[in-house]
Structure formats: structure tokens, C-alpha cells
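Topology and contacts: notes
What follows is each chain in one-letter form.
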Amino acid sequence: MITSSQNSRVKYVKKLSQRNFRQKERKFSVEGIRFVEEALASNWQMEYLLYTDQGVQGERGKGLLKQARDKGVETLEVSESIMGELTDTETPQGVLAVLWQPDYALGDVVKRGQQPLVVIVDGVQDPGNLGTIIRSSDAAAANGVVLLKGTVDLYNPKTLRSTMGSLFHLPVVQAEDAEGALAYLTSLGVTLLVGEPVGGIPIFQANLQGPVGLVVGNEGSGPREAILDHKHQKVTIPMPGHAESLNVATATAIMLYEAVRQRYKIQ
């Protein structure tokens, strides 16, 4: 059992709380039984699993530990105090895994000849909103999510928790070259539908059955102007009440479910 804060694995996991270190190492950590179960059920590469005795007492915990070992994942028991140092929650469940970040590319989201539904996130800064957008995209069977440069870190612990494991269900691409990403998508026939609080056509009148990229922008400034240089259509969610705008994650979910309604012929 690992009981020392000076243990090399413990020090490594602590450093993964830093965005620059996560980016350099191409790794991140997840905690909690459900999240680790989702990770094990995916094809993502898990480097090792840390657990406490209490964390694997129940049936799910025991099953999780066996599944990890059957997959050849290194498992290491740590003390409750060490787990407390490593986790980001007030009441840790006693299970934490270190995983490699996958190298998704735009080709994993959109392929020629498809009728994809893609969510393009431009500059959203709140990690909870980003996580909820990914979760809603998963629920609506979107082909993937593209994060343009300037968006909050995908592997921020708050973002990860907000995805509720949906991160493992669909490709999420971090596009450093925003212009190149948009050009690639539009070259494959993807029409950009840019969400605007006012001034666009009502989302319920837009055609969401073809190859579509739903563009959602920064909570304050909206999508960058360069997006408008590409083939696009502005869409607006009708708001007959007094609110000036909707939370970006809420707005994304509404647009996604209009796409679900149209694509699955739901009346």
C-alpha cells in the first residue's frame, strides 16, 4: 500500500492537476467508480488505477478492480489520506485512474459522404458548460464535438465531471487551427448553423437533416467573426419571455434536440 506523499506515482498524479503538465504528458486522471467504469468500457488506454480498500469493498468496486486487472492495467492500493490528496471532490469514492489522451482528428468526426451532426464550440470558458455540451451531444447521437482554440480545457476536472462519462462515447477534437478546421468541415459540405440570441431564423425552421455543424460561442461575445467567412446560417431560439439570452449549454441542448426531432421524424 502506498502511504507516502513522496511516492513517484502520487507526485505524478498531483502534477496532472496542472493543464500544462497534462498537455505535455498527454495524460489525465478521472475519479469515481462510475467514471472509471466508463473509462474501462471504452477503448481508451488506461495506464494505472489507484484505489483504497474501502473504495473496492462493494460489488461494483470489486468488479471494477477485476476488470482493470483482466485488461492488464496496473493497480495500486493507496491509503485513504493519499487518495484525499489526489482527488478533486470533497468525498472521494476511493478509485482514481490515469489515462492517455486520445489523438482524435477531424476525420474521426466527419467523413465524406456522411450526413453528420457536429457541435463546434468556440471559446466557451465555463468547464461545467463544456461538459454539459459534450453530454448533450452524446445523448443526441452527434458524430462528435470540435473545440476551437480558446475554449476551456477538455481535461479540466470540472469539465470531466460534467460530461458524466460521455467523453468516452464520441470523439472530441481539440482544433488548434480554427480556420483550418472550419475550412475542412465546410469542404465536406457541412453547413455551419451559428447560434445567435437574436437575428437568425428560428431554429425550428432550419434544416438540420443534412450535414450540419452547430456553432456555439463564448457566453459573452459569441462565436468569432472569422466563422462568418464560411458558408453559414444564423439561427435563433425563440424566447417569448423576458430573458435576454440562454445559458450556452441549455441553448446547445435545445438545438441538438431539434436536430433529433427532425432526423428521427419525431412529431
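Now for a quick tour of the structure. Model, not experiment: these values are computed from the prediction. Throughout, residues of each chain are indexed from 1 in the direction in which the sequence is written. Where totals are concerned, whole chains, interfaces and linings use all residues; where local detail is concerned, this predicted model gives features only for residues with pLDDT of at least 70, and gives and counts side-chain atom pairs only at 80 or more. The side-chain quantities take in all heavy atoms of the structure and omit both hydrogens and water.

A closer look at the pairing of strand β1 (residues 27–31)
Under the scheme applied here, a residue whose accessible area is under 20% of the maximum for its type counts as buried, over 50% as exposed, and between as partly exposed, the area being computed with a 1.4 Å probe on protein chains only. For helices the rule is a DSSP run of H or I covering at least 4 residues; for strands it is a run of E covering at least 2, with both sets numbered from the N terminus onward. Taken across its 5 residues, β1 has 4 buried, putting it largely inside the fold. Between any two strands, pairing holds if DSSP finds at least two bridges. Pairing of β1 with strand β4 (residues 95–100), which is carried by 5 bridges, proceeds in the antiparallel orientation. Pairing of valine 30 across the sheet is with alanine 97, part of β4.

Considerations on the side chain of threonine 163
Tracing the sequence through the fold places threonine 163 in helix α7 (residues 157–163). Threonine 163 sits in the buried class, given a relative accessible area of 1%. There is a polar contact of 2.7 Å between the side chain of threonine 163 and the backbone oxygen of leucine 160. Once residues within four sequence positions are removed from consideration, threonine 163 is found in contact with Phe35, Gly131, Ile134 and Arg135. Any pair of N or O atoms that falls within 3.5 Å is considered a polar contact. Within protein, one atom must be able to donate a hydrogen and the other to accept it, and sequence-neighbouring residues count only if both atoms are side-chain atoms. The contact criterion used throughout is that any non-hydrogen atoms of two residues lie within 4.5 Å.

Describing the environment of arginine 60
One can find arginine 60 in helix α4 (residues 59–70). According to the relative accessible area criterion, arginine 60 is partly exposed, its value standing at 48%. Once the C-alpha coordinates of arginine 60 and glutamine 267 are considered, the two residues, 207 residues apart in sequence, prove to be 40 Å apart. The contact partners of arginine 60, leaving out residues within four places of it in the chain, are Ile33, Arg34 and Glu37.

Quick word on the sheet that holds β4
In space, the 4 strands of this open sheet follow the order β1-β4-β2-β3, with mixed pairing throughout. Edge positions in the open sheet fall to β1 and β3 (74–77), since each of these has one partner strand only. When strand polarity is set aside, the average angle formed by the axes of neighbouring strands in this sheet is 20°. Structural elements are reduced to axes, namely lines fitted to C-alpha atoms, with helices fitted over the stretch in contact, and the angle between N-to-C directions of any two is expressed from 0 to 180 degrees. Contacts from α4 reach β2 (46–51), β3 and β4, with the element oriented near 150° to β2.

Points about helix α3 (residues 33–41)
Within α3 the residues assigned to the buried category are Ile33, Phe35, Val36, Glu38, Ala39 and Leu40. Packing partners of the buried residues in α3 comprise β1, β2, α4, β4 and α7.

Examining the packing of α3 against α4
Two quantities define a packed helix pair, namely the angle between the axes and the distance from one axis to the other. The geometry of α3 relative to α4 is characterised by a closest axis approach of 10 Å and an angle of 30° between their N-to-C directions. Of the possible angle classes, the one that applies to α3 and α4 is roughly parallel. Where α3 crosses over α4, the handedness of that crossing is left-handed. Contacts between α3 and α4 involve Ile33, Arg34, Val36, Glu37, Leu40 and Ala41 from the former and Arg60, Gly61, Leu64, Gln67 and Ala68 from the latter. Working definition: roughly parallel below 35 degrees, roughly antiparallel above 145 degrees, roughly perpendicular at 65 to 115 degrees, and oblique for all remaining angles. Each crossing is labelled by how the near helix is turned from the far one, with a counterclockwise turn of less than a right angle marking it left-handed and a clockwise turn marking it right-handed.

Considerations on the sheet that holds strand β10 (residues 212–217)
In a beta sheet, neighbouring strands are held together by backbone hydrogen bonds and run either parallel or antiparallel to one another. Taken in spatial order, the 7 strands of this open sheet run β7-β6-β5-β10-β8-β11-β9, and their pairing is parallel. Edge positions in the open sheet fall to β7 (172–175) and β9 (201–202), since each of these has one partner strand only. As defined by bridge partners, strand β6 (residues 144–148) adjoins β7 across 4 bridges and the pair is classed as parallel. The residue bridging leucine 148 from the neighbouring strand is alanine 175, located in β7. Where helix α6 (residues 127–139) meets the sheet, its contacts fall on β5 (117–122), β6, β7 and β10, and the angle it forms with β5 comes to roughly 175°.

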